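So the chains spell out like this:
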Amino acid sequence: MTLQYSAKNLPKQIFINNEYVDSKSPKKLTLHNPKNGELLADDVPSAGEQDVDAAVDAADKAFPAWKKMSANQRRGILNKFADLIEQNAEGIAQLSRISLGAPAAFGAFEIGLCAEVFRYNAGFIDKFGGESWPQEDGFLKIVRNEPLGVTAGIVPWNGPIGTIGLKAAPALATGNCFILKPSEKTPFSSLALGTLIKEAGFPPGVFQILSGDGSTGALIASHMRIRKVSFTGSIATGKKIQEMAAKSNLKRVTLELGGKSPAVVFDDCNLDNAVTWTANAITANTGQVCFAASRVYVQEGIYEAFIEKYKQAMKDKTKEIGDPDETSTNIGPLVDEAQFKRVQGFIERGQQGGGTLAVGGKRIGTSGYYLEPTVFTDVDPTSEIHCEEIFGPVSVVKSFKTEEEIMQLANNTNFGLMAGVFTQDINKALRVASDFDSGMVGVNCVSLMFTMTPFGGSKESGLGRECGVHALRAFTEPKTIMINMNY
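Residues numbered from 1 in each chain as written. Predicted model: local features only at pLDDT ≥ 70, side-chain atom pairs only at ≥ 80, totals over all residues. Heavy atoms only, no water.

(A) The arrangement of the pairing of strand β6 (residues 139–147) in detail. Bridging between strand β5 (residues 131–133) and β6 involves three bridges; their strand directions are antiparallel. For S132, the partnering residue across the bridge sits in β6 and is I142. (Pairing = 2+ DSSP bridges. Helix = DSSP H or I, 4+ residues; strand = E, 2+ residues; numbered from the N terminus.)

(B) Local environment of the packing of aromatic side chains. Summed over the entire model, instances satisfying the criterion amount to 14 aromatic pairs. Taken together, the ring pairs connect W66, F81, F118, F178, F202 and F207 into an aromatic cluster. Here the guanidinium or amino end of R349 rests over the ring plane of F346, the centre of that ring lying 5.1 Å away. (Phe/Tyr/Trp six-rings, centres within 6.5 Å; stacked < 30°, edge-to-face > 60°. Lys NZ or Arg CZ within 6 Å of the ring centre and 35° of its normal.)

(C) How the structure looks around the sheet that holds β5. If you walk across this open sheet you meet the three strands as β5-β6-β20, and the pairing is antiparallel. Of all the strands in the sheet, just β5 and β20 (476–484) have a single pairing partner and so form its edges. Direction aside, the axes of adjacent strands within the sheet are offset by 15 degrees on average. (Axes fitted to C-alpha atoms, helices over the stretch in contact; angles between N-to-C directions.)

(D) Region of the structure containing the sheet that holds strand β12 (residues 261–265). With mixed pairing, seven strands are arranged side by side in an open sheet as β14-β15-β16-β13-β12-β17-β18. On the outer flanks of this sheet lie β14 (356–359) and β18 (440–443), each paired with one strand and no other. Neighbour-to-neighbour, the strand axes of the sheet open up by a mean angle of 25 degrees, direction not taken into account. One ladder, built from four bridges, connects strand β17 (residues 418–422) with β18; its direction is parallel. The partner of A419 across the bridge, within β18, is V441.

(E) Representation of a nonpolar patch on the surface in the model. Together, I481, I483 and M485 make up a nonpolar patch on the protein surface, roughly 220 Å² of accessible area in all. Mapped onto the elements of the fold, M485 is located in the segment after β20. M485 sits in the partly exposed class, given a relative accessible area of 41%. (Patch = residues over 30% accessible without salt bridge, like charges linked within 9 Å, V, L, I, M, F, W, Y side chains within 5 Å. Areas by Shrake-Rupley, 256 points an atom, 1.4 Å probe, with all protein chains shown as cover. Salt bridge = Lys/Arg side-chain N within 4 Å of Asp/Glu carboxyl O. Buried < 20%, exposed > 50% of the residue type's maximum accessible area, 1.4 Å probe, protein only.)

(F) Structural context of the nonpolar core. With 117 residues, the main nonpolar core has F81, F118, L172, F202, F207, F306 and Y310 as its most contacted residues. The greatest single-element share of this core, amounting to eight residues, is contributed by helix α4 (residues 104–124). Excluding anything up to four places from it in sequence, Y310 contacts V275, T278, A279, I282, V296, V375, S395 and V397. Within the second largest apolar cluster, 13 residues are counted, among which are V343, I347, V379 and I390. (Core = buried A, V, L, I, M, F, W, Y, C linked by side-chain atoms within 4.5 Å. Contact = heavy atoms within 4.5 Å.)

So this is what it looks like as structure tokens:
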């Protein structure tokens, strides 16, 4: 099966019960191409209450049989879906690229991630065992991992395909039915997956797709028959989802939210390695990454040497910016006009607030939402540009003297998603990694993830974890069975 969609033939129907159908809601989404601002479509469906109810009805009906399907059958379906994702990688990537602006290399990365996560979770289907305790006290105790039922995932625009794997794969592998709500900024690649869902062999109602904006997400978060919602996005929206989940049926919630990740660079580091990782971390996907290393702290003994190399690396990154449809491009535009103006606002206020604009900060060209990679120095640690998530290719660099001083500053934030430490002293590395108040820490690396280890943050950066066995636990309920052996 090959997807037949293109920029001139976009998917504009929601996918319910294994069929593409028109939304019953009159509300529509309007999307533009970020590379030139041209209109892509103004008639993309935004699912309403009737559409959400229809998807939940279909999922409810499908759940009992899907839950009881043999491990071999369910594993085969998930693996076939992964194969189809890879076989249609070019078409899927194009549908993401036209509304996200991410270049081909990023599209290949996230499609590969999606397929790999489906395979990883498929392999867990008959290996995600429960527990048991012996019956010396007269009772045999068994704990089963039970699926929750109808679950949902609300995925972000900055990784529209990769994050589907992180949410849908563990949900489906553990026997849940799943409703996908893509971002209103990047719906096309998700909507196109309906064809592959059907081809892979998912029974009707098991895996469904509802495009829409925040109002659709609110319907999902507050629905009385959806048992779990996994959300990736902003802290403000995550708090609203948690509140709606609590006020409805106390549904399970996983939240993967924002970050303002620190990278702490000590005098004894490998300087070139530190520069490479920190520059890549803030420019990947045009800085539109939750765990981007946007605060770079450098010990004073190597500060001057680091900042010169870092500034040059960021200038070199400007040469990689271009048309996302060109294979030579590594960095594309920001996702849309609203995000472009948001990042520009941070840069302008950063300059007004006394920070030194060391590199970049300017728009590139007059068409599209392209921006130079930007570095600020001499920033006030209480300033907006130092404290708030920008979600663009903008970093702040600051020097420090002692380990104690910098750990206090690094942790003085409501965020706690990612952190990095650069040093060749393993004792120092492990000590600092332990002291970071962060869900993930890189040693001589930063801003990366793995499919088998927990992904998520502390404090306001999130709740719960994705990836590995932790994702499977998040989509299951432990059930204790007690057997009286002495009746």
